[in-house]
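Next come the chains, spelled out residue by residue.
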Amino acid sequence: MNDETRSPGRRNKFLVVVDETPECKSAIHFACRRAWHVGGGVILLYVIEPPDFQHWMGVEQVMREEAREAAEELLQSLADDIRRDTNIVPEFVIRDGYKKDELLALIEEDPDIRILVLAASPDSGGPGPLVKSLVGEMSGTFAVPITVIPGNLSDKQLDAVT
């Protein structure tokens, strides 16, 4: 694969919703390997959800700023790993709101997003609320294909299917 296929402005982007769950890394690994194989790009979306209760305005603002800084640090760390493993420079998107709403809005805004990659939780409580919602309720009307990765696969197992 030549460097031209990995340049900014590329088409066919793989979108991954980033959070602090262990299975999130599986989704990122899979998306990056697929993007590398097809000369595509990767977008990492981090959504800062509103707090369960409203604080005083100043406290809420500080909490939002701290959440944004933590999101930027996490995304930068993930980007360093991605560049080291695949030479892909991922795009970052940080939004305030609810994951499902912000995910749908981003897909509508960016026509280069071709596939959403999610990882299902290996826990007995089910695949996770986002996977359950998108794959169950909306799967027939969703704007792009959804790839759901089992969250308990090793990197080696994921490499075997990319």
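Look up a bit, the structure's there.
Residues numbered from 1 in each chain as written. Predicted model: local features only at pLDDT ≥ 70, side-chain atom pairs only at ≥ 80, totals over all residues. Heavy atoms only, no water.

The next thing to look at is helix α4 (residues 129-137). Buried within α4 are the following residues: Leu 130, Val 131, Ser 133 and Leu 134. Those residues of α4 that are buried lie in contact with β1 (13-18), α3 (99-109), β4 (113-120) and β5 (146-150). (Buried < 20%, exposed > 50% of the residue type's maximum accessible area, 1.4 Å probe, protein only. Helix = DSSP H or I, 4+ residues; strand = E, 2+ residues; numbered from the N terminus. Contact = heavy atoms within 4.5 Å.)

Attention now goes to the nonpolar core. A general feature of soluble globular proteins is that nonpolar side chains tend to end up buried together. The biggest cluster of nonpolar side chains holds 24 residues, and the ones touching the most others in it are Val 16, Val 18, Ile 28, Leu 44, Tyr 46 and Val 117. Here this core gets seven residues from one element, more than from any other, and that element is helix α1 (residues 22-38). Counting residues in each nonpolar core, the second largest holds 17 residues, with Leu 106, Ile 113, Leu 116 and Phe 142 among its members. (Core = buried A, V, L, I, M, F, W, Y, C linked by side-chain atoms within 4.5 Å.)

Take the sheet that holds β1 next. Ordered by their spatial adjacency, five strands build an open sheet running β3-β2-β1-β4-β5, and the pairing between neighbours is parallel. Since the sheet does not close on itself, it has two edges, and those belong to β3 (91-96) and β5, each with one partner. Put simply, the sheet's adjacent strands are angled 25 degrees from each other on average, direction ignored. Pairing analysis gives six bridges linking β1 to strand β2 (residues 41-48), with the strands arranged parallel. The residue of β2 that forms the bridge with Val 16 is Leu 44. (Pairing = 2+ DSSP bridges. Axes fitted to C-alpha atoms, helices over the stretch in contact; angles between N-to-C directions.)

Now for the environment of Ala 120. Note on placement: Ala 120 falls in strand β4. Residue classification places Ala 120 among the buried residues on the basis of a relative accessible area of 14%. Between the C-alpha atom of Ala 120 and that of Ala 27, which follows or precedes it by 93 residues, the distance is 8.8 Å. Excluding residues within four positions of it along the chain, Ala 120 makes contact with Glu 23, Pro 127, Val 131, Val 148, Ile 149, Pro 150 and Gly 151.

A few words on the pattern of salt bridges. One pass over the structure, following the stated rule, counts nine salt bridges. Where Asp 81 meets Arg 84, a salt bridge forms, and the shortest distance between an N and an O atom there is 2.3 Å. Taken together, the positions of Asp 81 and Arg 84, both in helix α2 (residues 57-86) and three residues apart, correspond to about one turn of that helix. Here Asp 81 falls in the partly exposed class, since its relative accessible area comes to 30%. Taking the relative accessible area as the measure of exposure, Arg 84 reaches 61% and is therefore exposed. Residues joined by salt bridges that share partners form a network here, namely Lys 13, Glu 91 and Asp 110. (Salt bridge = Lys/Arg side-chain N within 4 Å of Asp/Glu carboxyl O.)

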